[in-house]
Amino acid sequence: MMKNNKWADAGVQLMNAAILLYLVWLLLPAVQTTGGAIAGAGCIALFALGLVLDWEHTKKHLLSLVLRAACAAAMPLVLRVFLNRGGENFLGFYVQQAMFWFPLVYAGYAREHGDERLVRWVKWVLLFCVSVTVLTTIGWLIEGMTRGGRVYAYSRSLGYAGEGREAYLKELMLRNIGGYDFVYAMVAALPLSCIGVQRGQGWKRWAMFALLCAQTVMIVLSQYTYAMLFAAAIVAVELAALIVRSVSRGRIKTGWSLVIGVTPLVLALVLLQPLTALAARVCAGLGLSNFAFSFEQLLTALQGGATSADSRLGYYLTAVEGFMRSPIVGSMFAGEKLLSQHSEVLDLLSGMGVIGTALAGGMMWLMGRGLLRGVKTHPDRAQLCVLAVACVLVATLGTVFYSRDIMAVAALGALVILQKK
């Protein structure tokens, strides 16, 4: 029996090491580009070895693990068939998808297992990796803005992986600059940082506040328009909620204060056209051409005009048209597939319809089953709802199935929060 316990202990420790190494590999771009995809896949293999060593527990939950693994294995095929994801290199996409779903599977299994050692050091490694990459990204983005000649938008450059750019992109990653995936992961992480500020005491609270500010600065400097808009909305809601709690002297709790904090956003939607026009003029005056263009295209669409071919809004409308043609089963069975390739939620609805989207959601739930146990009574449930809304918004106006950073931060951040009340 003692021997079996030793093997089980070794298995738990290996699984914990697997997720810690995965975080270091994923969230430090310099490590990721050095280790390559094989390092990420190695972390999953280490987790599998841990399951084997912890066989007594694995055997008890074998059906659950098989279901999680089957969904993770099937999801890339679903995305390929119905959403045309994966491009020409489907094998590479399949491997990437295994790494994408790994944090969700791990978080659900860790909660189901119940051994706190599976979550040991996850919080601190996550904070360390995020803090390092946020700071190095800010530094290089400022350097790119202050160089002579033109602005070097390094984070945006990492969002374009065309032919002949491999060496340049690797150079940027070796500088530990966060790209599209990391920037939007930090948008999703803003509510988690707010939880850290609320929970922290003394220097820990100030450290989390500094990280929150740094995340916001990095998002703005990255020049990703939607990321900036999402971050501005989250920060505005959180600030309004903080004012409400302060004025009420704590009588209004976090949940209701966040609901009240959404009110300014509702007013902003009512005044969307004049505010969009103002934002376009301000950005143009400041020389922020990417922001100005996006606001101008949004204003054109709101006024019923035709958007530019370079605008994402036109792509979104393509997916909406596909959904309207066949809302139940999707455009896959209605002849031509109408996909935006710029929105996961809209493409799911267009490619698979309501039924298929619900089934895909069920597969995701099975992979992370147990992660949200106890969320209804958790004191931070309101902030976790903000995290969920942020992820849905990012998936509605962007592509996330390629973005492993978003899944890792959202799933493992929620795991850390929900593990302790």
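Quick look at the structure, then. This one's a predicted model, so the numbers in the text were calculated from it and none came from an experiment. (Residues numbered from 1 in each chain as written. Predicted model: local features only at pLDDT ≥ 70, side-chain atom pairs only at ≥ 80, totals over all residues. Heavy atoms only, no water.)

1. Digging into a nonpolar patch on the surface
- The grouping of Ile328, Val329, Ile355 and Leu359 at the surface amounts to a nonpolar patch, some 360 Å² of accessible area in total.
- With respect to the secondary-structure elements, Ile355 resides in helix H17 (residues 344-367).
- The partly exposed category is assigned to Ile355, whose relative accessible area is 46%. (Patch = residues over 30% accessible without salt bridge, like charges linked within 9 Å, V, L, I, M, F, W, Y side chains within 5 Å. Areas by Shrake-Rupley, 256 points an atom, 1.4 Å probe, with all protein chains shown as cover. Salt bridge = Lys/Arg side-chain N within 4 Å of Asp/Glu carboxyl O. Helix = DSSP H or I, 4+ residues; strand = E, 2+ residues; numbered from the N terminus. Buried < 20%, exposed > 50% of the residue type's maximum accessible area, 1.4 Å probe, protein only.)

2. What about the packing of helix H9 (residues 180-199) against helix H19 (residues 404-419)?
- Following both chains from N to C, one finds H9 and H19 inclined at 15°, their axes separated by 7 Å at the closest point. As judged from the angle between their axes, H9 and H19 are roughly parallel. As for the relative orientation of H9 and H19, their crossing is left-handed in sense. Only Arg404, Asp405, Ile406, Val409, Gly413 and Ile417 of H19 make contact with H9, whose side of the interface consists of Asp181, Phe182, Tyr184, Ala185, Met186, Ala189, Leu192, Ile195 and Arg199.
- Each residue belonging to the contact of H9 with H19 can be placed in one class, and the counts come to 10 nonpolar, 1 polar and 4 charged. (Axes fitted to C-alpha atoms, helices over the stretch in contact; angles between N-to-C directions. Parallel < 35°, antiparallel > 145°, perpendicular 65-115°, else oblique. Left-handed = near helix turned anticlockwise from the far one by under 90°. Contact = heavy atoms within 4.5 Å. Nonpolar A, V, L, I, M, F, W, Y, C, P; charged D, E, K, R; others polar.)

3. Some thoughts on the packing of helix H4 (residues 62-83) against helix H5 (residues 90-113)
- Axis separation between H4 and H5 bottoms out at 9 Å; the angle between their running directions is 150°. Handedness of the crossing formed by H4 with H5: right-handed. Together, Ser64, Leu65, Arg68, Ala72, Ala73, Met75, Pro76, Leu77, Leu79 and Arg80 of H4 and Phe90, Phe93, Tyr94, Gln97, Trp101, Val105, Gly108, Tyr109 and Glu112 of H5 make up the contact between the two elements.
- For the contact of H4 with H5, the per-class residue count stands at 13 nonpolar, 3 polar and 3 charged.

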